Structures are given as C-alpha cells and as structure tokens.
Amino acid sequence: MITLADLEKIKSENNFKENLRRKKNHYRIIVGMATCGITAGAKEVYDALEHEISLSGLKNVEIGEVGCIGECALEPIVEIYNSKGTRTTYCKVKPEDAERIINRHIQKGFVVEELLLVKNKKAGKVE
Amino acid sequence: MIRFQVVICEGNACHCAGSAHLKEEFVKKIKAYHLEDSVSIFSNACFGFCDKGPVIIVYPDCVVYASLKPEDIDEICQKHLIKGKVVNRLVLGDITPEEEQKVIEYQEANFHIKQERSVLKNTGIINPKNIKEYISRGGYFGLYKALKEMTPEQVIEEITKSGLRGRGGGGFPTGLKWKLARNNKGDVKYIICNADEGDPGAFMDRAVLEGDPHVVIEGMITAGYAIGATQGYIYCRAEYPLAVERMNHAIKQAYEYELLGENLFGSGFTFNLEVRLGAGAFVCGEETALMASIEGERGMPRNKPPYPAESGLWNKPTVINNVETLANIPRIMRKGSEWFASIGTEKSKGTKVFALGGKINNTGLVEIPMGTKLREVIYNIGGGIPNGKKFKAVQTGGPSGGCLTEKHLDASIDYDTLIKLGSMMGSGGMIVMDEDNCMVDVARFYLEFTVDESCGKCTPCREGTKRMLEILEKITRGAGTIKDLETLTSLAHSIKDSALCGLGQSAPNPILSTLEHFKDEYIAHVVDKKCPAGVCKALIKYYINDDCIGCGKCERNCPVEAISGTIREKHVINTDVCLKCGACALVCPTHAIVTQ
C-alpha cells in the first residue's frame, strides 16, 4: 500500500528543477510530443537530438517528451532547462537544427537566437 | 564566435524609459570596441520589471541589469562584454530564483503573460508517461487529503464552495451534480469522464489527456469517492489514438503504484478505471447517448428526466464530468476552495482553457481566468489578426454556440455573459474570423456539420436541420428570397424548442446569431445577390482591372480558356465560361484580377 511518506519521497526525488540544481551544469531537454507536435515532426526532432547527444557523448543532459505546450502554430517546440532553472524555448525546430542546439546551447552555453520562440512569435497589441 | 547576447526589453514601460536610446548606444559602443563578432543584440517583449526599466538581460550568464542610462553602457561593454565581469552596481537588486524564472517566463512573449495556468499547469512541463514527475509536482496529494482526511460529504462541500461549474459547456455546478448522485440510493454508482471532444476546432481536452493524464485519473478517483462510485469510465473518442495510449499507460502506472484498485491509501475505498472508445459520433458527447454507447447500444440520446444522477449507466446513478472539470478537482482539493473561488468572476470561478484558431496570429491553447475580456484574448494573447485584416467575429461554443462581434470585444468571458450575448462558453473552441469570412457561409458550414452528425432519432433535428441547410445553400447559390429568411428564423425557433437533445436544440444557434449580428450580409445575398466577403462562389465574379499589363499569364493558366486578349493589352474574362477557380488571380503579377 502506498503511503503519504512514499508520495513525499517520490516528490522530493523527482523534482527535476531541484535535481538539475543539485547536479550543477546539467540540462533537461524536453520536446512537445502531443498530437500537434508529432504531426509537425517532433518525433524526428526528438530522435535527432538523442542522436546528437549520444554522438557528442554528453553525460549532463537528459531528454524527455512532454505534452502540448500550447503554441501549436509554432511546433515542433524544444525547451531546455539549465541548472539555474532557466527555461529557453525554441520553436519550429527541424531535425537538422539538433546539432546547433546541442553544440551551441549545451556545449557552449549560448542561445540559438533564430529559433527562439520570442523571435518567431507575433507580439500582441490591443487595438 | 558569439560570446554574449544582450536582450533589451522593449515593453511599453521600458520604451518610455528610453530603451530605444539604449539600443542605439549599445550599437555604437559595440562598433567602437569591435565587438560585432562576439556580441549580438536584440530586442524583446516585456520582461515584467516595468518599474525598473529600462531593463536588459545578458546571456549566457542571465544577468539582469536595470534602471540603465545611456552612460552606463560603456561600463557594461568594458567590464562585462570584454572582460566577462558582471557590473554589480547595475544588477537588478535582490533577484530571487523565482524572480529569475519570472524573467525567463516573461521573456517567452506575451502569449504566456496574461495567462493563468492551472489546468494546464503540468502539460508541456512533465513527461506524461512518468507518474513520478506528476507526483513531483504535487500530484495525488489532493487525493490523499480527500480520502484520508475528509468524508465524501466534505469533499462535495469543498467543491460546492469552490464554485466550479461544468467545463463541457453547460456550466452546471459540479458540486450540486455530485450531491444529487450521492443522495440517490443505489448499490452501484458510476463516474464517467466525457472525453468525446468533437467540436470543430476544439482540442483542449486532447491536450490535457495527452500531456497530463494523471490529473484526470486523480480527479475521477476523488469524484468516485465523493459520490460513492467504485467504477469509472473514460469515454474517449477513437480519433485521439495518442490520448488513448497515454491514458491507458497512465492507468497501468496508477495501478502499479496502488493509486487505483483496492483500499487506496488504506482508506478502505476501492476504485477501478477503464477507457472506453467512442466511434466518432459527435452526438455521443451528449450524456445519455454517451451512456448508451458505453452500454454497447447505438449512440442515441433519450429523454431527460430521468437525469443520469438518478438513473444513468445501466440504470444506476451516474455522474458525467468533462475532462477539464475533472482536471480542476485535484488542485481544488490540494489548495482549497477559497483559492479556486478567488479566481474568476462572481458566478464563474476558476480558469478556462480555450483553443484559439482561425484567423489569428498565435493559434494554440490559452488558459485564462474567467472574466477576461475578449479583446485581451484576441489581441494580447492571440496576437491579433494576420495580414492586417479587420476583425469580424469570433465563434465560441462550436456548432452549438454563436458569434460575437466587434461590439462584444469588451465583454467578459464567463458563462452568463456569453449566454446573454447569444453565444455560449461551449467546450472552449474559439474560432476567429476576419473580413474575408462570409457569415452565411460560416452558418452553412456549421449546419452541414450538425446535419452530418444528427443521429436521426427525433424529427425536428433529423428533418429540420436538413431543411435549414437547404435554405442556407439556396441563399449562398444566390437563389434565396426575403421569405426564406423568415422561414429560416421560424424553423430555427421551432427546432430549438422541440428537439430531443442538446445537439438539436443548439443546432440553430449559429444561424440565429449570425442572422442577428450580420443581417445585412444575409440581405446582400438575397436582395443584391452579392457576397460581400467574396466567398460564395455563385455570387462572385472575377474581372480584370486596369492594372493589367497584358502579360498573358492568366490566359495560359486558365483551365477553361475563359480569358482572352492580345499581348500588352488589357485582357478580359468571359464570365459565362469562368469556373471561378481563382487560378488566374494567383498567377497575376500585378494583382489585376479581382472579385466583385
């Protein structure tokens, strides 16, 4: 039988932001893989990222799939959390962008500007 | 190689505080220090530190500098961008990790700013296939509280106090629904999750099922405990294969963690859960038809009363809740009814997820507190209408709802206001239309949908919707008369009054609401025989205006040889032969081919 203590234990062990902070210089990459993302090609992007990670032999990266982020028009979306808990959102990512993302963002610590969500999104204004 | 990225806030407040000068100064200094290759500068939407503006962020260190003056730039360049040392003097003071996170979230553009993520708190953040990640975000703690610390009556009381209303569209108070089912005697009771989301353009439930399936499971167990049901069904449409797969996976995991099954948390409460598939009939979203479908019967509605709470699935007391309703439950249990009741308006509490679609820049899912202005959703969050077109109407509630127009832009989005304006909340589809949409055609589209989806059991819906569609088609063909509009209105009202279930009763809504707000467009169709938006093919004519340079491209591309003319002279379209396919207009280099 599962108890409250078990729940608490799972909770404290699986808080990904805490885990990233503890491990220092770690990254969590997530790919939006709901129907909208997969249709736009998220599976291919996920595979490409995984491939790049294994190629470069990086040990400080975890990759996972998540549901819909809500920006369906800008899928496939890739988000990266760093150890500080900072989140960077990339949109309209293509499989061939995987190398840039791993190389520049994870290995060198720079944002891949042209893929940033904010750069691709139309800002709203009240008329 | 780029070493630093400088992001300058260009929100209104920072702009007023002089962020534009800052940028000029930066560009100048970077040239002066020959940093072009190692530093890139770009502007961004509001970061949210408006009183500390102008604000910049320097990456990759993620340092926030605030209250900058042009003369500070030199120091930032010399120390930070050349030597890599942070200029402590200018750093935004006392920034906590939460605030730092806030900066980044704000950085993620306006789309997220005005939103309040409660139902969608986990979607897009956690891995839906991993129950541990759900628990790490506080999942199943609300269930523990309900099962171990509260009686079923207290759970119902808590939900009643929160003011939660059904998110499927009708807006029936959830607490009351549970109470009715609780008070009805029965050895067996059922709880059903209605995941048969069928409105054209609505995909909120899919996002929750695919992105955060455990929140639905937790909500269902809580609901089962409250009403005394030990068996739950998730009725999901088969067109959502991924949602079904993730849901089944989540249920399996919940059994493994003993969060489903017998004696949950040692409370003695047992709950089992199963997914049942719908076969693609829209009417099965109606609760009595849904239950018939689960029972293995043909999916057709029956008369109400008796309501499902008295005699539902296999004639046992049953509660049917929408996905989003159930997704709200765990957080209410955890954070308390006061928290929930503090969001929203007096009669509509909490948040609502909408699927923004149609002619809008940022299509996607938005979650907003009830009572948000329509204008904010469309222009702030949605980013306005593409290509500088003019906003015409927004359709809410799918085929059961109606249109809201420009004059309703300042209306607050809640159950009662939308009903008052002749539309409805519906499940949450929001389709935006611009000046290029013909409202008669929009009404025809929805009617076509309901005619297709009518189950055929009751005459008003089976025959009536078909007749209404025929009249609308006649109008779009240009054969309509003023008399037809009268027939349409009276037919609509009688179907509304006499149809058996919600599908038929609400089917005339798109017609009635477009007739009310866009009467002139109907008149243009029947009297002037013109389609102002240029959509109804039978009523438009293509012609070539004086911009024609006589290149002959249109002539070569016309599939029926309706265009003639000599080279370098204005060409003409023979409207008797023209198919109105629009191929000529597409290829015309001077956009000289227009519709009338």
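Heads up: these notes are all about the structure in this document.

### Focus on the overall build of chain A
The helix and strand tally for chain A stands at 6 helices and 4 strands. Traced from its N-terminal end to its C-terminal end, chain A shows the element sequence α-α-β-α-α-β-β-β-α-α. Expressed along its principal axes, the backbone C-alpha trace of chain A runs to roughly 50 × 40 × 25 Å. The buried share of chain A, taken over its 127 residues, is 56%.

### Comments concerning the packing of helix α10 (residues 204–211) of chain B against helix α11 (residues 213–227) of chain B
All names here are of chain B. Packing of α10 against α11 leaves a shortest axis separation of 5 Å and a crossing angle of 95°. Taken together, the axes of α10 and α11 lie roughly perpendicular to each other. Residues Val208, Leu209, Glu210 and Gly211 of α10 form the contact with α11, whose own contacting residues are Pro213, Val215 and Val216. Looking at the contact of α10 with α11, its residues break down into 5 nonpolar, 1 polar and 1 charged.

### What about the side chain of A:Ser83?
All names here are of chain A. Within the fold, Ser83 resides in the loop between β3 (78–81) and β4 (87–90). Taking relative accessible area as the criterion, Ser83 reaches 14% and is therefore assigned buried. At 3.0 Å, the side chain of Ser83 and the backbone oxygen of Leu20 are in polar contact. A polar side-chain atom of Ser83 sits 2.8 Å from the main-chain amide nitrogen of His26. Excluding residues that lie within four positions of it along the chain, Ser83 makes contacts with Leu20, Arg21, Lys24, Asn25 and His26.

### Quick word on the environment of B:Arg167
Residues and elements named next belong to chain B. Topologically, Arg167 is positioned in the loop between α8 (152–162) and α9 (174–183). Sequence separation between Arg167 and Tyr415 is 248 residues, and the spatial gap between their C-alpha atoms is 9.7 Å. Looking at Arg167, its side chain comes within polar contact range of the side chain of Tyr415, at 3.0 Å.

### Structural notes on the environment of B:Gly186
Note that B:Gly186 resides in the loop between α9 and β5 (190–195). Sequence separation of B:Gly186 and B:Thr325 is 139 residues, and the distance between their C-alpha atoms is 24 Å.

### A short note on the sheet that holds β4(A)
All names here are of chain A. Within the open sheet, the 4 strands sit side by side as β2-β1-β3-β4. Their pairing is mixed. Both edges of this open sheet fall to β2 (61–66) and β4, since each of them pairs with a single strand only. Along the sheet, successive strands turn relative to each other by an average axial angle of 20°, direction set aside. Examined bridge by bridge, β3 and β4 share 4 bridges and lie antiparallel to one another. In the sheet register, Ile80 faces β4, and the bridge partner there is Thr88.

### Observations regarding the pairing of strand β13 (residues 429–434) of chain B
All names here are of chain B. In terms of burial, β13 is a largely internal element, 6 of the 6 residues being buried. Here β13 shows no split at all, with Gly429, Ile431 and Met433 on one side and Met430, Val432 and Asp434 on the other all buried. For strand β9 (residues 351–358) and β13, the ladder comprises 4 bridges, and the chain directions are parallel. When the bridges of β13 are listed, Ala355 appears paired with Gly429.

### Considerations on α8(B)
All names here are of chain B. Within α8, burial applies to Pro152, Val155, Ile156, Glu158, Ile159 and Ser162. All buried residues of α8 project into a common sector of 160° when viewed along the axis, lining one side. Those residues of α8 hidden inside the fold are in contact with α7 (141–149), α9, α11, α14 (323–335) and α15 (337–341). Where α8 terminates, the next one or two residues include Gly163, which has phi positive at roughly 80°.

### Thoughts on the pattern of salt bridges
Evaluated as defined, the whole model comprises 34 salt bridges over all chains. Measuring nitrogen to oxygen at the nearest pair gives 2.8 Å for the salt bridge that ties A:Arg100 to A:Asp97. According to the relative accessible area criterion, A:Arg100 is partly exposed, its value standing at 27%. Residue class for A:Asp97 comes out buried when judged on its relative accessible area of 6%. Among the salt bridges present, the one from B:Asp436 reaches B:Lys389, with a minimum N-O distance of 3.1 Å. Of this pair, B:Asp436 sits in the loop between β13 and α18 (439–453) while B:Lys389 sits in the loop between α16 (374–381) and β11 (391–396), placing them 47 residues apart in sequence. Overall, the relative accessible area of 34% leaves B:Asp436 in the partly exposed class.

### Some thoughts on the pairing of β9(B)
All names here are of chain B. The buried fraction of β9 is high, at 7 of 8 residues. Sheet topology places β9 next to strand β10 (residues 364–369); 6 bridges connect them, and they run antiparallel. Note on β10: the bridge partner recorded for Leu356 is Gly364.

### Quick notes on the packing of α8(B) against α14(B)
All names here are of chain B. At a minimum axis distance of 10 Å, the contact between α8 and α14 shows a crossing angle of 100°. Between α8 and α14, the angle is such that the two are roughly perpendicular. Facing Val155, Ile159 and Ser162 of α8, the residues of α14 in contact are Ile329, Ile332 and Met333. Looking at the contact of α8 with α14 residue by residue, the classes come out as 5 nonpolar, 1 polar and no charged.

Conventions used here
Residues numbered from 1 in each chain as written. Chains lettered and ligands numbered in written order. Predicted model: local features only at pLDDT ≥ 70, side-chain atom pairs only at ≥ 80, totals over all residues. Heavy atoms only, no water. Helix = DSSP H or I, 4+ residues; strand = E, 2+ residues; numbered from the N terminus. Buried < 20%, exposed > 50% of the residue type's maximum accessible area, 1.4 Å probe, protein only. Axes fitted to C-alpha atoms, helices over the stretch in contact; angles between N-to-C directions. Parallel < 35°, antiparallel > 145°, perpendicular 65-115°, else oblique. Contact = heavy atoms within 4.5 Å. Nonpolar A, V, L, I, M, F, W, Y, C, P; charged D, E, K, R; others polar. Polar contact = N/O pair within 3.5 Å; in protein donor to acceptor, adjacent residues only side chain to side chain. Pairing = 2+ DSSP bridges. Arc of directions from axis to C-beta. Salt bridge = Lys/Arg side-chain N within 4 Å of Asp/Glu carboxyl O.

Purely geometric numbers; function is a separate question.
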